[in-house]
Amino acid sequence: MKERTLEIRLSDQSYPIHIGSQLFSRLPTLLLQQGITEDRRLMVITDNQVGKLHASTVVETLREAGYVVHLAEITAGEHSKNLLELERLIGACIVAGLDRRSVILALGGGVVGDLAGFVAASYMRGISFVQLPTTLLAHDSSVGGKVGVNHPQAKNYIGAFHQPELVVFDVDSLRTLPEREVRNGFTEVIKHGLIWDVHFVSWLETHVDSLLQLEPTHLIEAIYRGCQVKAAVVSQDEREQGIRAILNYGHTIGHALEAVSHYQHYKHGEAVAIGIAGAVRLSQKYFSLPMEIVERTEALLNSFGLPTRIDENWSMDELVQAMRRDKKARNGKLNFVLTTGLGKVELVHEISTSDVEDVLTQIWG
Ligand SMILES: NC(=O)c1ccc[n+]([C@@H]2O[C@H](COP(=O)([O-])OP(=O)(O)OC[C@H]3O[C@@H](n4cnc5c(N)ncnc54)[C@H](O)[C@@H]3O)[C@@H](O)[C@H]2O)c1
Ligand SMILES: O=C(O)C(=O)C[C@@H](O)[C@H](O)[C@H](O)COP(=O)(O)O
Ligand SMILES: [Zn+2]
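Residues numbered from 1 in each chain as written. Chains lettered and ligands numbered in written order. Predicted model: local features only at pLDDT ≥ 70, side-chain atom pairs only at ≥ 80, totals over all residues. Heavy atoms only, no water.

By the naming in an unreviewed UniProt entry, the chain is 3-dehydroquinate synthase, taken from Seinonella peptonophila. The record held by UniProt for the chain lists under Pathway (unreviewed entry) the comment "Metabolic intermediate biosynthesis; chorismate biosynthesis; chorismate from D-erythrose 4-phosphate and phosphoenolpyruvate: step 2/7." Under Catalytic activity (unreviewed entry), UniProt gives the following word-for-word description of the chain: "7-phospho-2-dehydro-3-deoxy-D-arabino-heptonate = 3-dehydroquinate + phosphate". (UniProt positions renumbered as here; feature names shortened; annotations may be inferred.)

Encoded structure:
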């Protein structure tokens, strides 16, 4: 099994992303390589499910290496990604005596990563943090520095850009993931192929079974290639002034579905998978894309057990209203990331509401 490392280079900072097996046992060495020495107090933030399974390994390894380590837990799930939890966690950091040199370690999936990252961005106006992703989906969320929480009406509306010092992806932690979470994570992997790299799309098409079984070599390769795409995009446009918007492929509809279902019915990857099905159909309209691309996209998502149809009777009006709150919208006009072929996307402005409604009708039910 090959361990892979890549470096994400930004204008005023760069950091490594390590992907491999048994990496949590090497955490002290990896922290020291980034200048995080034993005299810096650590706060591990996790959720109650990941906490039960993986926190003791991480905390004990670090304590044995001489670090002072505190631990704070949230309740697992998207509903914890809110301002009240942010305030509670900041309280835990104050009680633990964290200072400006202290470091937060986000141990968990994207919910923990986004929330703990925002704690790090806000505490004393910003301290260092490290991402320790434990879901497949978090290969995306742990890289690139988007941190934040949801507003009840709009996804990720409160947040910051705050880059981690280091990402350590110990793929052994994925062994305890429920099957639905494994499938959920593949959406963002597939998205990275669809927006950037047709060869990666073909590779995914031919490795479905081994990937779903979490075969380590293929798994590391998939995570590495996904992170490579994310790093390439973010290093060109850290704060989404332009090209970074392409990472939002499938998210205009996806985030709206999450919001109208009160962040309860769909997992993020499931909502985005349906959103990709909508976006590829809209692309067919705008770019006369061959039907084969629509079919291949949906077949790839379905082969990983992901949905491509809206399965509930949400209100069309509420969905469209939620889409108007998409962060890519300008002056109330919808902007969508659309595809011009496998591995290629662009941001298209002023998409008409009736075209969107038409596509939603196609993917409903
Ligand atoms: N910041 C970004 O760039 C970015 C990118 C993509 C997604 N996101 C955000 O990420 C969030 C979704 O992340 P997620 O899908 O990882 O959800 P999550 O963090 O809620 O994790 C999913 C579930 O799996 C459990 N879990 C996590 N790791 C486990 C493990 N190793 N073993 C067993 N159970 C485990 C968790 O307790 C939780 O119940 C959304 O809020 C989304 O908006 C952010
Ligand atoms: O990193 C990005 O940029 C992304 O768009 C990645 C998305 O997968 C992720 O869900 C992100 O949190 C969405 O960002 P938002 O700005 O649309 O909330
Ligand atoms: Zn996403």
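Peer 1: Looking at this structure, how should I read the sheet that holds strand β4 (residues 69–74)?
Peer 2: Two strands in a sheet stick together by hydrogen bonds in their backbones, pointing the same way (parallel) or opposite ways (antiparallel). Strands sit in the order β1-β2-β9-β6-β5-β3-β4 across an open sheet of seven strands; the sheet is mixed. Each end of this open sheet is capped by a strand with a single partner; those strands are β1 (4–9) and β4. If you compare each strand with its neighbour and ignore which way they point, the axes differ by 15° on average. Pairing of strand β6 (residues 128–133) with strand β9 (residues 166–170) involves two bridges; the strand directions are parallel. Paired with Gln-131 across the strands is Val-167, a residue of β9. Packed onto the sheet, helix α2 (residues 48–64) meets β3 (42–47), β4, β5 (103–108) and β6 and runs at close to 160° relative to β3. (Pairing = 2+ DSSP bridges. Helix = DSSP H or I, 4+ residues; strand = E, 2+ residues; numbered from the N terminus. Axes fitted to C-alpha atoms, helices over the stretch in contact; angles between N-to-C directions. Contact = heavy atoms within 4.5 Å.)

Peer 1: Even after reading the chapter, I still don't get helix α3 (residues 83–95), so can you show me in this structure?
Peer 2: The α-helix advances 3.6 residues per turn, and as a result positions three or four apart in sequence lie on the same side. The terminal C-alpha atoms of α3, which comprises 13 residues, lie 19 Å apart, in line with the 18 Å expected from a rise of 1.5 Å per residue. Inspection of α3 places Glu-85, Leu-86, Leu-89, Ile-90 and Cys-93 among the buried residues, and these make up the whole buried set. For α3, the arc enclosing every buried residue in end-on projection is 140°, short of the 170-degree limit, so these residues lie on one face. Turned more than 90 degrees from where α3 packs its buried face, Leu-84, Glu-87, Ile-94 and Val-95 sit exposed. Tucked into the core, α3 has its buried residues touching β3, β4, β5 and α4 (110–122). For α3, the capping residue at the N-terminal end is Asn-82, with a side-chain oxygen 3.0 Å from the backbone nitrogen of Leu-84. Two residues or fewer after α3 comes Gly-97, characterised by a positive phi angle close to 75°. (Expected span 1.5 Å × (residues − 1). Buried < 20%, exposed > 50% of the residue type's maximum accessible area, 1.4 Å probe, protein only. Arc of directions from axis to C-beta. Polar contact = N/O pair within 3.5 Å; in protein donor to acceptor, adjacent residues only side chain to side chain.)

Peer 1: Please explain the side chain of Thr-187 as it appears in this structure.
Peer 2: Tracing the chain through its elements places Thr-187 in helix α6 (residues 179–196). Among the residues examined, Thr-187 registers a relative accessible area of 0% and is labelled buried. Ignoring anything within four residues of it in the chain, the contact list for Thr-187 reads Gly-269, Glu-270, Val-272, Ala-273, Ile-276 and Leu-306.

Peer 1: I would appreciate a short explanation of the packing of helix α10 (residues 251–260) against helix α11 (residues 268–287) in the present structure.
Peer 2: Geometry of a packed helix pair, given as the angle between the helix axes and the separation of the axes. At a minimum axis distance of 7 Å, the contact between α10 and α11 shows a crossing angle of 135°. Comparing their axes, α11 and α10 come out oblique. In the crossing of α10 with α11, the sense of the turn from one axis to the other is right-handed. In this structure, α10 contributes His-251, Ile-253, Gly-254, His-255, Leu-257 and Glu-258 to the contact, and α11 contributes His-268, Ala-271, Val-272, Ile-274, Gly-275, Gly-278 and Ala-279. Looking at the contact of α10 with α11 residue by residue, the classes come out as six nonpolar, six polar and one charged. (Parallel < 35°, antiparallel > 145°, perpendicular 65-115°, else oblique. Left-handed = near helix turned anticlockwise from the far one by under 90°. Nonpolar A, V, L, I, M, F, W, Y, C, P; charged D, E, K, R; others polar.)

Peer 1: What should I look at first to understand the pairing of β4 in this one?
Peer 2: Pairing analysis gives six bridges linking β3 to β4, with the strands arranged parallel. Note on β4: the bridge partner recorded for Asp-47 is Ile-74. For the crossover from β3 across α2 to β4, the handedness is right-handed. (Right-handed = clockwise from strand over helix to strand, strands pointing away.)

Peer 1: Help me understand unusual backbone geometry, please; the structure alone is not making it clear to me.
Peer 2: Backbone geometry follows two general trends: most residues other than glycine have a negative phi, and most peptide bonds adopt the trans configuration. With a phi close to 50°, Met-124 is a non-glycine residue in the positive phi region. Assessed through its relative accessible area of 36%, Met-124 is described here as partly exposed. At His-262, a residue that is not glycine, the phi angle is positive and equals roughly 55°. With respect to the element layout, His-262 can be found in the loop between α10 and α11.

Peer 1: Looking at this structure, I do not really get the pattern of salt bridges. What am I missing?
Peer 2: Opposite charge on two side chains lets them pair, provided their charged atoms get close. As enumerated under the stated definition, the model contains 21 salt bridges in all. A salt bridge links Arg-183 to Glu-179, with the shortest nitrogen-to-oxygen separation between them at 3.6 Å. Highlighted residues: Arg-183 and Glu-179, both in helix α6, separated by four residues, approximately one helical turn. Judged by its relative accessible area of 23%, Arg-183 is partly exposed. Linking Arg-281 and Glu-298 is a salt bridge whose minimum nitrogen-to-oxygen distance equals 2.9 Å. One end of the pair, Arg-281, is in helix α11; the other, Glu-298, is in helix α12 (residues 291–303), and 17 residues separate them in sequence. Note on accessibility: Arg-281 and Glu-298 belong to one class, buried. (Salt bridge = Lys/Arg side-chain N within 4 Å of Asp/Glu carboxyl O.)

Peer 1: Please explain the site of ligand 1 as it appears in this structure.
Peer 2: Taken together, 29 residues are adjacent to ligand 1, and Glu-78, Gly-110, Thr-134, Thr-135 and Thr-176 come closest. Asp-114 is positioned with one of its side-chain polar atoms (N or O) 3.0 Å from a nitrogen atom of ligand 1. Interatomic distance of 2.8 Å between a side-chain N/O atom of Thr-134 and a nitrogen atom of ligand 1. For ligand 1, whose unbound accessible area comes to 870 Å², protein coverage reaches 93%. Grouping the constituent residues of the shell around ligand 1 by class yields seven nonpolar, 12 polar and 10 charged. (Near = heavy atom within 4 Å. Areas by Shrake-Rupley, 256 points an atom, 1.4 Å probe, with all protein chains shown as cover.)

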